[in-house]
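# Structural overview
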Amino acid sequence: MFLNLKMVSKALKYSLAIVLSGVIAIVVLYNVGFVDKCPLKQIDIEGNLKKYDQTKDPELCAQLNDKISQFDDSCKGNLEILDCG
């Protein structure tokens, strides 16, 4: 019984190490520029758009317009600028 527990514990440690290595690799590749950042930026903007729809905060609207403008320029996107008025 204890042998099985030790084997499970060892397998869990290896699995955790592999997952952690994968996450670190993705973060490094993202920061170096090998991972396309545009889909992540779009997801961030869409999340903020949902928040803006709920709050109608003019400051958030201005920040979103800046992000949308930068996204459209760098990622060849076609997101529309919000009307903050």
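Preceding block: the structure.
Residues numbered from 1 in each chain as written. Predicted model: local features only at pLDDT ≥ 70, side-chain atom pairs only at ≥ 80, totals over all residues. Heavy atoms only, no water.

### Quick look at the packing of helix α2 (residues 38-55) against helix α3 (residues 58-75)
Here α2 crosses α3 at 155°, and the two axes come no closer than 10 Å. Between α2 and α3, the angle is such that the two are roughly antiparallel. In terms of crossing hand, the pair formed by α2 and α3 is left-handed. Where α2 approaches α3, its residues Cys 38, Lys 41, Gln 42, Asp 44, Ile 45, Asn 48, Leu 49, Lys 51, Tyr 52 and Thr 55 are matched on the opposing element by Leu 60, Cys 61, Leu 64, Lys 67, Ile 68, Phe 71, Ser 74 and Cys 75. For the contact of α2 with α3, the residue count by class is 10 nonpolar, four polar and four charged. (Axes fitted to C-alpha atoms, helices over the stretch in contact; angles between N-to-C directions. Helix = DSSP H or I, 4+ residues; strand = E, 2+ residues; numbered from the N terminus. Parallel < 35°, antiparallel > 145°, perpendicular 65-115°, else oblique. Left-handed = near helix turned anticlockwise from the far one by under 90°. Contact = heavy atoms within 4.5 Å. Nonpolar A, V, L, I, M, F, W, Y, C, P; charged D, E, K, R; others polar.)

### Describing the state of the cysteines
Counted by the stated rule, this structure contains two disulfides. The disulfide bridge from Cys 38 ends at Cys 75, spanning 2.0 Å between sulfur atoms. On the sign convention where negative is left-handed, the bridge of Cys 38 and Cys 75, at about -90° about the S-S bond, is left-handed. In this pair, Cys 38 sits in helix α2 while Cys 75 sits in helix α3, placing the two residues 37 residues apart along the sequence. Each member of the pair, Cys 38 together with Cys 75, is buried. The disulfide bridge from Cys 61 ends at Cys 84, spanning 1.9 Å between sulfur atoms. In this structure, the disulfide formed by Cys 61 and Cys 84 twists by about -90° around the S-S bond and is classed as left-handed. Of this pair, Cys 61 sits in helix α3 while Cys 84 sits in the segment after α3, and the two are 23 residues apart along the sequence. By relative accessible area, Cys 84 is classed as partly exposed at 31%. In the protein chain, the bonded cysteines, taken in the order they occur along the sequence, pair up as 1-3, 2-4. (Disulfide = S-S within 2.5 Å. Buried < 20%, exposed > 50% of the residue type's maximum accessible area, 1.4 Å probe, protein only.)

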